[in-house]
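A look at the structure
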Amino acid sequence: MNAQGDAQVVLVVTNNGPKGIRLGGSIASGFGSNTTCADTVLNPGFTRGCFAPTKHVIPGYIYQSQVTVKVNDSSQSGRILQTIRG
């Protein structure tokens, strides 16, 4: 979140394994910062980020965001994150 009250969700993955993986995913948030992360190959030792759009958040609300990561066609949802703008 920045000083103007805008926020975005970012999915970051590092491949610490011994071989390349096929990576994709999605981001969903309660404030409209949503996107689908294109499938790509992530080689060992590399990090990749998928950025959802920056959106304005309203003061006093609690927003939830969730990421889903797809590795070699196996999907797994990440934890739900909360964003609070006071």
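Report follows, based on the coordinates.

1. Brief notes about the nonpolar core
Within soluble globular proteins, side chains that are nonpolar tend to cluster in buried spots. Ranked by size, the top nonpolar core spans 16 residues in total, and within it L11, V13, I27 and F31 carry the most contacts. Leaving out residues up to four positions away in the same chain, I27 has contacts with V9, V10, L11, S33, N34, T35, C37, C50, A52, Q66 and V67.

2. A short note on the pattern of salt bridges
Applying the stated criterion across every chain yields a total of 1 salt bridge. The partner of K70 in a salt bridge is D39, and the shortest N-O contact between them spans 3.1 Å. Taken together, the residues K70 in strand β7 (residues 62-71) and D39 in strand β4 (residues 35-42) connect sequence positions 31 residues apart. Its relative accessible area of 25% is what places K70 among the partly exposed residues.

Rules and cut-offs
Residues numbered from 1 in each chain as written. Predicted model: local features only at pLDDT ≥ 70, side-chain atom pairs only at ≥ 80, totals over all residues. Heavy atoms only, no water. Core = buried A, V, L, I, M, F, W, Y, C linked by side-chain atoms within 4.5 Å. Buried < 20%, exposed > 50% of the residue type's maximum accessible area, 1.4 Å probe, protein only. Contact = heavy atoms within 4.5 Å. Salt bridge = Lys/Arg side-chain N within 4 Å of Asp/Glu carboxyl O. Helix = DSSP H or I, 4+ residues; strand = E, 2+ residues; numbered from the N terminus.

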